[in-house]
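# Close look at the chain arrangement
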Amino acid sequence: MKLVSRVSGKEIAPGSTLHMQSGSTAGRAWRFAHIVERPDGDHHVHVTGLGGKLGGAHRQYHPDVFGCEIALDATWRQNACNAVRHAWTKVDDYLLAGLFALVPLAFFEHYHWAEAITSALGLGA
């Protein structure tokens, strides 16, 4: 994800100064920190105030307030490949765990049913 200016079309790097273009505090300057993905799937811009206070004020605004938009650089193919890779690693882990679980079961069955199996097959003397 990257923040892109609608006016110039250029990517805005973290640490750059952004000016609010709409809202009650239009014209106020903020320092761009990073992009935050909200639980509802929307993306907001995390900014800090340029005031003299130690650390500044931390806020999250929609990119429209700054005249920007979020450009997603991940394609659907990358997302699909990542989903398949994640699913395969889960299947692989569960198969390996199943094999490890069968080893003690095999020893238990071998010990307890050895006499019944040999007498049923007629191998006992």
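In what follows, the structure referred to is the one given above.
Residues numbered from 1 in each chain as written. Predicted model: local features only at pLDDT ≥ 70, side-chain atom pairs only at ≥ 80, totals over all residues. Heavy atoms only, no water.

### Observations concerning the overall build of the chain
Within the chain, the secondary structure is distributed over one helix and seven strands. Shown N-terminal to C-terminal, the secondary structure of the chain runs as helices and strands in the order β-β-β-β-β-β-β-α. Relative to all contacts within the chain whose residues are 6 or more apart in sequence, the contacts with residues 24 or more apart total 37%. If you sum the accessible surface of the chain, you get close to 9,500 Å²; carbon and sulfur atoms cover 61% of it. (Helix = DSSP H or I, 4+ residues; strand = E, 2+ residues; numbered from the N terminus. Contact = heavy atoms within 4.5 Å. Areas by Shrake-Rupley, 256 points an atom, 1.4 Å probe, with all protein chains shown as cover.)

### Some remarks on the packing of aromatic side chains
Scanning the model with the defined rule gives two aromatic pairs in all. Centre to centre, the rings of Y61 and F66 are 5.9 Å apart; their planes meet at 80°, and the pair counts as edge-to-face. Relative accessible area serves as the criterion here: at 3%, F66 is assigned to the buried category. Through successive ring pairs, a cluster of aromatic residues spans W30, Y61 and F66. (Phe/Tyr/Trp six-rings, centres within 6.5 Å; stacked < 30°, edge-to-face > 60°. Buried < 20%, exposed > 50% of the residue type's maximum accessible area, 1.4 Å probe, protein only.)

### Brief notes about the sheet that holds strand β6 (residues 58–61)
Spatial ordering of the open sheet is given by β3-β4-β5-β6, a layout of four strands whose pairing is antiparallel. Each having just a single partner strand, β3 (17–19) and β6 make up the two edges of the open sheet. Averaged over all pairs of adjacent strands, the angle between their axes in this sheet comes to 50°, without regard to strand direction. Pairing of β3 with strand β4 (residues 29–37) involves three bridges; the strand directions are antiparallel. Bridged to H19 within β4 is A29. (Pairing = 2+ DSSP bridges. Axes fitted to C-alpha atoms, helices over the stretch in contact; angles between N-to-C directions.)

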